[in-house]
Structures are given as structure tokens and as C-alpha cells.
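Structure assessment
What follows is the residue order along each chain.
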Amino acid sequence: MSERSFEEHRWPIPTILLFLSLIVGFLYLCQLFEVKQDDAYISYRYAANFLNGNGLVFNIGERIEGYTNFLWVILISAVNLFAGIKFELIARILGLVSGVSLFGFLFLLIASHHKKGQWLYFLSGSLLLLASPALPYWSTSGMESAAFALVVLGALLAEYRKPSLTPWLLAIATLLRPDGVVPLGAILLHRLYRDREFPWRLLLLYGVLLLPYALFKLLYYGELLPNSFYAKSGVGLEYLVSGLEYLWFYFSTAGLYGLVFLIPIAAAPFLWKRYSLLYIFIAVYLLYLVWIGGDVLKVYRFFVPVLAPLSLLFGLGTKALVERATWRLKAGEKLAMPITVVLLAGLSGLSFYRGYSHTVTYRHLEKALVGKMEYASMMLRRYMGGDFTIAASTIGMLGYALPGHRVIDMLGLTDRHIARHPENIPGLKSTWKERRFNSRYLLEQSPDFIFFSTEYKPSAPAEQALFLHSEFRKNYFPIGFPRENVMRWVSIYKRWGVVDMSRDTVLPEVGFPQNLKAGFDNYNGGEFVDAILCFEQARQFLGKDYFLLNYGIGRAFYRLNYIDSAKHYFNRAVSLNEYDWHSHYFLTRIALDQKDTAVANYHALAIARLAPWLLEEARRQGIGLQEGLEE
């Protein structure tokens, strides 16, 4: 290589230092937002079953494609097989490498149009990406989001630097996520716009590369689309509204009420010639998000693939607009650079601030959920034997920590019947975006346990629908486990009787489960009087008494310090359901406080008979029944 050629390829020291500084900042944010995402454990269970010779399945013997990241599952399986590294660590490393590489690819994309020594271009194009909490969150989550974003950016970069690589990278992106068809569509549109003819060769090569994968899916699963497509997707006004809400939430928080999009739009006359591909990609991707109804997971997951190109257009657009605004000033050329840096730093910092609390909140909730599911799985393995089935509305960690057990996804992600034959119950409203469920089919499976994500409270529509069935109310009652040093219960509905759906009657309206949920919501929010009113209203809709209503009212009165009223309702609860160990527990505490040893012993013996594992686990953890087992 000649000296001149070497100089052309060498990156200047300021640009290298800038890149390294961005990487250090990104890794710090990864540590700050580190999380274990429950959905990642779905992939881990598929990988574990695959390596154990059970096939690429979630439940042994059920060939259902309940994942949407084929290549990710294969990658973590291969690394585990040859290196023996745990799935969680493999996924974390791959995510971090993908996040770091995303900045590298972005620098290469900027270098395609600007000299490497013009560090301001690289700073401008990268600041918003660094300030996006979604990237470090999903890079550490164990999911494929960062890797998918990297390959998508690689395909966009290839279009500028080596278009022959584009179909290969698009095929890899599609193997990582079916959403890979979106950048394909954007690139096809851009080539059609640029060349005035449809790029059949690109489309044909892309199809040929994915043909073996398509044949595998048809032969192994019997269908091309993953089961999760049927479980989560749909067409209709409610999906469009949900998609617009999803888009607006990003716009109004990290998107600074659309400013991160308005600046690139305003700068389009100056950037379109070079970056029309990025504009088209972002527009197509946002339309796609609206069409599919957004995402069920929080923290802007589906925006991760557009963060890098959006950051570039936002930064370079800001720089271009500042230069145009100052060019008539005498010192305009000298003022443009500091104004650009200050403005970009301020806006990027504000974007980070607007998205920070949302990210931290859901990081905390997700870590709590995964921890609860892991603990519940451990307790079930320890005390409930090795042969049971369990249904749940969140199946990631639960499924991974219960290998060999049949786990039924109440939302249909890994269940073909629920995904394709959902119930439609008018008036059953929820904030959950997962709309597919089939409560009758679930009860016909007669699972030994049903685990609600919010334990006693029916939160998801799939959970609320169960309470409409008399066979659920008759046969499923909660059991619980005390958590070490947390002084809280983990509660799971256990089947105590034989489910006979020929005897099942269904409530004609949803007022009962909706008011039951509202009662627990108010209780958790400290609104104890409102909780009592909701539980009483639920009783009116049910038309008969029910132990859980009395238990909830008893809890509310107990917190209000109306002990006699609390005792009355707890006694009503155990008279209706002898398995209500939790009411027995509170009656034990009340009796001990009132120095009534005989009554305390009666209820303590009931707990020992109905839930002996509670006492055993309390002794194992060093928690006393009276002193430690708090609600």
C-alpha cells in the first residue's frame, strides 16, 4: 500500500478517540440498564430442548414454532454445544458485541459520505444513538434485538458501499427476525426510486437464500409463519389504534414530541440526495409498526432497528440546519460548530432524560417478574413433584426453569389452538396487548397449576376469562410460598379437584372478574375502602358468595385495623373453601394477637394439613410463622 493510500485509509486520532468514548459510554449504560428479559428464556428453552435431542420445540412432542428468532436460537445452541457457556451469558455477550458494533457500522456509514477527519459529522451522527436507553437495555436483555439492528444497519451500509452483500445481509436479518422483510421492502422501494426499474435480481437472490429455511419450516412445523404471528398479530382498527399509541409514546417521550423526526424532515432538502435510503427505511418501518399494532414489550424494543439511521439523520440534519441559519452572520462559520455541539448534546440529553424513567421502571418490573418466576419454579420442583403441567400468561423463565414439564402459554404463543381459535368475550378490557386466549380450551387441558403474572389478581384477559367459568372457581384455589428475606408470598392457583367441563356454567357478563381485578388493584394502591366496594360489587355480578371475595375484603379490613370485621370475612372465606390457607394464616395471626391459643392452634393445624410445604419452607429459611410470614 502506498503512503498516500495508507493516509486515505487511516482514521484520524480525534475520530478514534470519539469512537472509543462512545463505546465506553455505551458500556456504562449497559451496566446501568442491565436486565434479564423473561421472553429471552423462551429461546433458551427451545435451545435446551434442541441440544437435549428433543427437537426444536418448547414442549416435548409439540412441534410449534413459538419463537421468532431462528438464527438466534441456533447461535446460542451452537456456542453452548462447543464452548459449554450458559445460554444467558452467550446471549449477553452477543448482545453487547452487537451494540458496540452498531456504533462501528454507523461510523462506516458516515465515512461513506464524509472525510474521516471531520469528527463533527461522526459526533453529530452518533449522539442520539448513545442517548437512547433502549439500545443498552435490549443489548443486555438476552434477546436478539441489538443483533437484528446491527444486521439491518449492515444491509443499509452495504447498499452504499457493496450492494452485492445486501441480499445476504437481508437474509440473515430475516433469519434473526421475520421483520427482516421490512428493510427488504425499503431497499426494494429505494432501488425502484433510484433506478426506475424493479430490482428483481435482489428479490430473487433473497428468496433463494431463504428457500432452505422455508422448506425446513414446512417440513418440521407444517407452516411458514411462526405460531407467534397468529398469537400476536391481527388486522383491524384496534391494531392500528394500538400501533399509533405505541408510536406516539415514543414520540412523546424519547422522541421529544416528534422533534427527533421533525429535524430530519426539515433537513431533507440538504440530506435527501445522500440519505434517501435511510429516509425511506425509517418511513417504511414506522408504518410497519403501526400496521402490526406496536409491541407487547416495553422500553421501545421495536424502535431499536431505526435508532442508528435516525441518529445519523437527526445529527446531520441539526448540523445542516445550524449551518444554514448562521451562514449570513459574520462569524457564522465559527459559530456553527459550537452551536451544533451544544444543541445536539442538549437535545440528546433531553431525549435520554425523557426515556430514562420509563426504562428504569420497566427494568425494575421485569427483574422482579423474572425473579418471582424463577423462585416459583424452584418451589414447585421442590414440593410438587416431578410430573405436573402448568399454564401461565408469562412463560419464559417459568418454562426454562421447569425442563420436561408441559407449560401451556395462556396467550397462545406456543399453543397452536389458542393462537388460531381465540375466544371473543365482549366487554373484557385490559391494558394487555395480547388479545388471544381460550379459557374453555385451557380448562379442558386441566393443568395442575395456573400461574397469573400478578398472582391472585387476574390481570390479563386470559386470566380474567377463567373466572367466568364455574369449573375454575370450583377447582382452582391459590397456594403460596414464602420468599426468603422478602416477607412476601408467591401465589399460584392449584387444581384441587377434577375439572368436568360438561358441568361448567359461564357467567353471561364480565362484571365479576373486572370488579375482582379492580378490588385487588385498589388494595395494592392503598385504597382499602374502594377495594371493599369493588369486591362487594363483584359479589353482585357473581350472584353468590365466593371465598376470594371474602378473603380480599378481610385483607382490606385488616389493613384498616378493623380486626373484628377482618376476622368475620376470613372465617367466611374458610367456610366456603377449606383450602384457603391464606385466610387460615391471617386467622392464626389474629388469634395469636388476641391471646387465643386454641383458635390459633386450630388454624395453624389447618395450614399444616393443607399446605405443609409452607411450614417446611419457613423453617428452612428461618422464618417464624407468626413473626415472618407477612403478606
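Residues numbered from 1 in each chain as written. Predicted model: local features only at pLDDT ≥ 70, side-chain atom pairs only at ≥ 80, totals over all residues. Heavy atoms only, no water.

1. So, the overall build of the protein chain
A count of helical and extended segments in the protein chain gives 29 helices and 5 strands. With the principal axes as the frame, the protein chain shows a C-alpha extent of 95 × 60 × 45 Å. Burial analysis of the protein chain (631 residues in total) assigns 57% to the buried set. Residue pairs at least 24 apart in sequence account for 72% of intrachain contacts in the protein chain once pairs closer than 6 positions are excluded. Counting only carbon and sulfur atoms, one obtains 61% of the accessible surface of the protein chain, whose full area is about 27,300 Å². A distance of 8 Å separates the average location of the 61 positive side-chain charges in the protein chain from that of its 51 negative side-chain charges. (Helix = DSSP H or I, 4+ residues; strand = E, 2+ residues; numbered from the N terminus. Buried < 20%, exposed > 50% of the residue type's maximum accessible area, 1.4 Å probe, protein only. Contact = heavy atoms within 4.5 Å. Areas by Shrake-Rupley, 256 points an atom, 1.4 Å probe, with all protein chains shown as cover. Lys, Arg positive; Asp, Glu negative; His and termini not counted. Charge placed at Lys NZ, Arg CZ, Asp CG, Glu CD.)

2. Describing the confidence of the model for the protein chain
Reading predicted coordinates in detail is not appropriate for stretches of low pLDDT. Looking at the protein chain as a whole, its pLDDT mean stands at 91, while 94% of the residues score no less than 70. Element-level mean pLDDT values for the protein chain span from 49 in helix α1 (residues 3–9) up to 98 in helix α9 (residues 166–176). Within the model, the stretch residues 1–7 combines pLDDT values under 50 with 1 contact to residues more than four positions away or in other chains. (pLDDT = per-residue confidence, 0-100.)

3. Structural notes on unusual backbone geometry
Positive phi, normally seen in glycine, also occurs at R196, with a value near 60°. Position of R196 among the secondary structure elements: in the loop between α10 (181–195) and α11 (200–220). Since its relative accessible area comes to 64%, R196 is described here as exposed. In this model, E455 sits at a positive phi of 60°, which is unusual for a non-glycine residue. Looking at where E455 falls in the secondary structure, it is placed in the loop between β3 (449–451) and α21 (461–466).

4. A look at empty space enclosed by the protein
Per the stated rule, a full pass over the model turns up 3 cavities of 30 Å³ or more. Its boundaries defined by the atoms lining it, the largest cavity holds a volume of some 60 Å³. Lining of the largest cavity is provided by E144, S145, F148, R177, D179, Y285, R301, F302 and P305. Residues of the lining of the largest cavity, tallied by class, amount to 4 nonpolar, 1 polar and 4 charged. Of the volumes computed, that of the second largest cavity is approximately 40 Å³. Looking at the second largest cavity, the residues that line it are K36, Q37, A40, Y41, Y44, E88, R92, T140, S141 and G142. Mapped onto the lining of the second largest cavity, the elements with two or more residues apiece are α3 (40–51) and α5 (87–111). When residues in the lining of the second largest cavity are grouped by element, the largest group, 3 residues, is from α3. For the lining of the second largest cavity, the residue count by class is 3 nonpolar, 4 polar and 3 charged. (1 Å grid on protein atoms, 1.4 Å probe; cavity = no way out; pocket = protein on both sides within 12 Å on 5 of 7 lines; lining within 4 Å. Points joined across faces, edges and corners; volume = space filled by probe spheres on them. Nonpolar A, V, L, I, M, F, W, Y, C, P; charged D, E, K, R; others polar.)

5. Focus on the nonpolar core
If you look at the biggest cluster of nonpolar residues, it comprises 196 residues, and the most contacted ones within it are F481 and L548. Take this core: its biggest share by element is 15 residues, from helix α15 (residues 268–292). Setting aside its immediate chain neighbours within four residues, L548 contacts Y456, F467, Y493, L516 and F520. (Core = buried A, V, L, I, M, F, W, Y, C linked by side-chain atoms within 4.5 Å.)

6. As for the packing of helix α8 (residues 145–161) against α10
Where α8 contacts α10, the two axes come as close as 11 Å, and the packing angle between them is 15°. Taken as axis vectors, α8 and α10 run roughly parallel relative to one another. In this structure, the crossing between α8 and α10 has a hand that is right-handed. Contacts from V152, A155, L156 and E159 in α8 reach P183, I187, R191 and R194 in α10. Residues that form the contact of α8 with α10 fall into these classes: 5 nonpolar, no polar and 3 charged. (Axes fitted to C-alpha atoms, helices over the stretch in contact; angles between N-to-C directions. Parallel < 35°, antiparallel > 145°, perpendicular 65-115°, else oblique. Left-handed = near helix turned anticlockwise from the far one by under 90°.)

7. Observations concerning helix α28 (residues 597–610)
The first and last C-alpha atoms of α28 sit 20 Å apart over 14 residues, in line with the 20 Å expected at 1.5 Å per residue. Residues A600, H603, A604, A606, I607 and L610 constitute the buried set of α28. Across the axial projection of α28, the buried residues extend over an arc of 150°, all falling on one side. Structural note: α28 exposes T597, A598, Y602, L605 and R609 on the side pointing more than 90 degrees away from its buried face. (Expected span 1.5 Å × (residues − 1). Arc of directions from axis to C-beta.)

8. What about the pattern of salt bridges?
Enumeration according to the criterion identifies 26 salt bridges in this entry. The salt bridge involving R92 is made with E34; its shortest N-O contact spans 3.7 Å. Taken as a pair, R92 in helix α5 and E34 in the loop between α2 (13–33) and α3 lie far apart in primary sequence, 58 residues in all. Using a relative accessible area of 22% as the deciding quantity, one classes E34 as partly exposed. For E65, the salt bridge identified is with K217, shortest N-O distance 2.6 Å. With a gap of 152 residues between them, E65 in the loop between α3 and α4 (70–83) and K217 in helix α11 connect regions that are remote in the sequence. Of the two residues, E65 and K217, neither departs from the other in class, the shared state being buried. Among the charged side chains, a network of salt bridges with common partners joins E34, R92, R363 and K367. (Salt bridge = Lys/Arg side-chain N within 4 Å of Asp/Glu carboxyl O.)

9. A word on the side chain of R555
Position of R555 relative to the elements: it lies in helix α25 (residues 547–559). Polar contacts involving the side chain of R555 include one to the side chain of Y523, which spans 3.1 Å. (Polar contact = N/O pair within 3.5 Å; in protein donor to acceptor, adjacent residues only side chain to side chain.)

10. Some points on the packing of aromatic side chains
For any pair of aromatic rings, the description consists of the separation of the ring centres together with the inter-plane angle of the planes. Taken as a whole and assessed by the stated rule, the structure comprises 64 aromatic pairs. For the pair Y46 and Y67, a centre-to-centre distance of 4.8 Å together with 75° between the ring planes defines the contact as edge-to-face. Residue Y46 is located in helix α3, and its partner Y67 is located in the loop between α3 and α4; the two are separated by 21 residues in the primary sequence. Relative accessible area serves as the criterion here: at 0%, Y46 is assigned to the buried category. Relative accessible area serves as the criterion here: at 2%, Y67 is assigned to the buried category. Measuring from centroid to centroid gives 5.4 Å for F216 and Y220, while their planes differ by 15°, and the two rings are stacked. Of the two residues, F216 and Y220 are both situated in helix α11; the distance of 4 residues between them amounts to about one turn of the helix. Classification of Y220 as buried rests on a relative accessible area of 18%. (Phe/Tyr/Trp six-rings, centres within 6.5 Å; stacked < 30°, edge-to-face > 60°.)

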